[in-house]
Amino acid sequence: MDKWECQVCGYVYDPAEGDSDGGIAPGTSFEDLPDDWVCPVCGVGKDEFTKL
């Protein structure tokens, strides 16, 4: 699975790790994140992320 980087703050979403603070289980691909998921660091939406 691909990693995705926030273009605002540089946070990298790693599907292998998920987002435990946001309730996202490890193994969840970026495409499967809810539409209202936001960057856990700066709060921007998925549209501000690019694939690494």
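As a reminder, the structure under discussion sits directly above these lines.
The shown structure was predicted, so the numbers you read here are calculated from the model rather than taken from an experiment.

Definitions and limits used
Residues numbered from 1 in each chain as written. Predicted model: local features only at pLDDT ≥ 70, side-chain atom pairs only at ≥ 80, totals over all residues. Heavy atoms only, no water. Disulfide = S-S within 2.5 Å. Phe/Tyr/Trp six-rings, centres within 6.5 Å; stacked < 30°, edge-to-face > 60°. Helix = DSSP H or I, 4+ residues; strand = E, 2+ residues; numbered from the N terminus. Buried < 20%, exposed > 50% of the residue type's maximum accessible area, 1.4 Å probe, protein only. Pairing = 2+ DSSP bridges. Core = buried A, V, L, I, M, F, W, Y, C linked by side-chain atoms within 4.5 Å. Contact = heavy atoms within 4.5 Å. Lys, Arg positive; Asp, Glu negative; His and termini not counted. Salt bridge = Lys/Arg side-chain N within 4 Å of Asp/Glu carboxyl O. Polar contact = N/O pair within 3.5 Å; in protein donor to acceptor, adjacent residues only side chain to side chain.

A. Representation of the state of the cysteines within the structure. Scanning the entire structure with this criterion turns up zero disulfides. Cys 9 takes part in no disulfide bond, and the closest cysteine sulfur, belonging to Cys 39, lies 3.7 Å away. No disulfide involves Cys 42; its sulfur sits 3.7 Å from that of Cys 6, the nearest cysteine.

B. The arrangement of the packing of aromatic side chains in detail. One pass over the full model with this rule turns up seven aromatic pairs. When the centroid spacing of 5.6 Å and the interplanar angle of 65° are considered together, the rings of Tyr 13 and Trp 37 count as edge-to-face. With Tyr 13 in strand E2 (residues 12-13) and Trp 37 in the loop between E2 and strand E3 (49-51), this residue pair connects regions lying 24 residues apart in the sequence. On the accessibility criterion, Tyr 13 (0% relative accessible area) is buried.

C. Layout of the sheet that holds E2. With respect to topology, three strands assemble into an open sheet ordered E2-E1-E3, the strand pairing being antiparallel. The open sheet has two free edges, formed respectively by E2 and E3, since each of these has just one partner strand. Alignment of strand E1 (residues 4-6) against E2, held across two bridges, turns out to be antiparallel. Note that in E2 the partner of Trp 4 across the bridge is Tyr 13.

D. How the structure looks around the nonpolar core. Listed in full, the eleven residues of the largest apolar core are Trp 4, Cys 6, Tyr 11, Tyr 13, Ile 24, Phe 30, Leu 33, Trp 37, Cys 39, Val 44 and Phe 49. Ignoring sequence-local partners within four residues, the contact set of Tyr 11 consists of Trp 4, Glu 5, Cys 6, Gly 18, Trp 37, Cys 39, Pro 40, Val 41 and Phe 49.

E. Seen up close, the side chain of Lys 46. With respect to the helices and strands, the residue Lys 46 is situated in the loop between E2 and E3. Asp 35 provides the closest opposite charge to the buried, unpaired Lys 46, separated from it by 4.3 Å. A polar atom in the side chain of Lys 46 sits 3.0 Å from the backbone oxygen of Leu 33. The contact partners of Lys 46, leaving out residues within four places of it in the chain, are Phe 30, Glu 31, Leu 33, Pro 34, Asp 35 and Trp 37.

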